[in-house]
Amino acid sequence: MSMASEERPWGSWHVIDDGQGYKVKRIHVNPGQRLSYQTHEHRSEHWVVIFGKATCVIDGETIVAGPGESVDVPTGAAHRITNMHAEELIIIEVQHGAYTGEDDICRLEDDYGRHDEILAAEA
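Regarding the environment of Val-73
With respect to the helices, strands and loops of the structure, Val-73 is situated in strand β8 (residues 70–73). The buried category is assigned to Val-73, whose relative accessible area is 2%. Expressed as a C-alpha distance, the spacing of Val-73 and Gln-20, which sit 53 residues apart in the sequence, is 19 Å. Filtering out sequence-adjacent residues up to four positions away, Val-73 remains in contact with Ser-44, Glu-45, Trp-47, Ile-58 and His-79.

Some details on the sheet that holds strand β2 (residues 11–19)
Here six strands make up an open sheet; going across it, the order is β1-β2-β3-β10-β5-β8 and the pairing antiparallel. Pairing within the sheet leaves two strands with one partner each, and these edge strands are β1 (5–8) and β8. The mean angle between the axes of side-by-side strands here comes to 20 degrees, regardless of whether they run parallel or antiparallel. Where strand β3 (residues 22–29) meets strand β10 (residues 89–97), eight bridges bridge the pair, whose relative direction is antiparallel. Within the sheet, the bridge partner assigned to Val-29 lies in β10 and is Leu-89.

Definitions and cut-offs
Residues numbered from 1 in each chain as written. Predicted model: local features only at pLDDT ≥ 70, side-chain atom pairs only at ≥ 80, totals over all residues. Heavy atoms only, no water. Helix = DSSP H or I, 4+ residues; strand = E, 2+ residues; numbered from the N terminus. Buried < 20%, exposed > 50% of the residue type's maximum accessible area, 1.4 Å probe, protein only. Contact = heavy atoms within 4.5 Å. Pairing = 2+ DSSP bridges. Axes fitted to C-alpha atoms, helices over the stretch in contact; angles between N-to-C directions.

Structure, rendered in structure tokens:
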């Protein structure tokens, strides 16, 4: 079992655990950065804020979560995490579904010009 890790324009992600029907990642979001507004066809996500404050958009609804708070993203929901603060944001993401591959992403909006890419997902 390979524990992947990738740098992204907004920060980085690190796989903590990966098994049949689930994947657990630690996501670091740099100050002032945000992930793409995206959907996943095959998985839901559960985000737990470890450090910092996350501004999350789930199907157009904004939710702000701090350390110890969590946010659920249903399968197929459009979602994004933004770090609007001066400190790094750290989130633990638990993915659950029949397929948790990094190519299960449809970017709806992206600050880094990756609209048409279906690549390694950030979150």
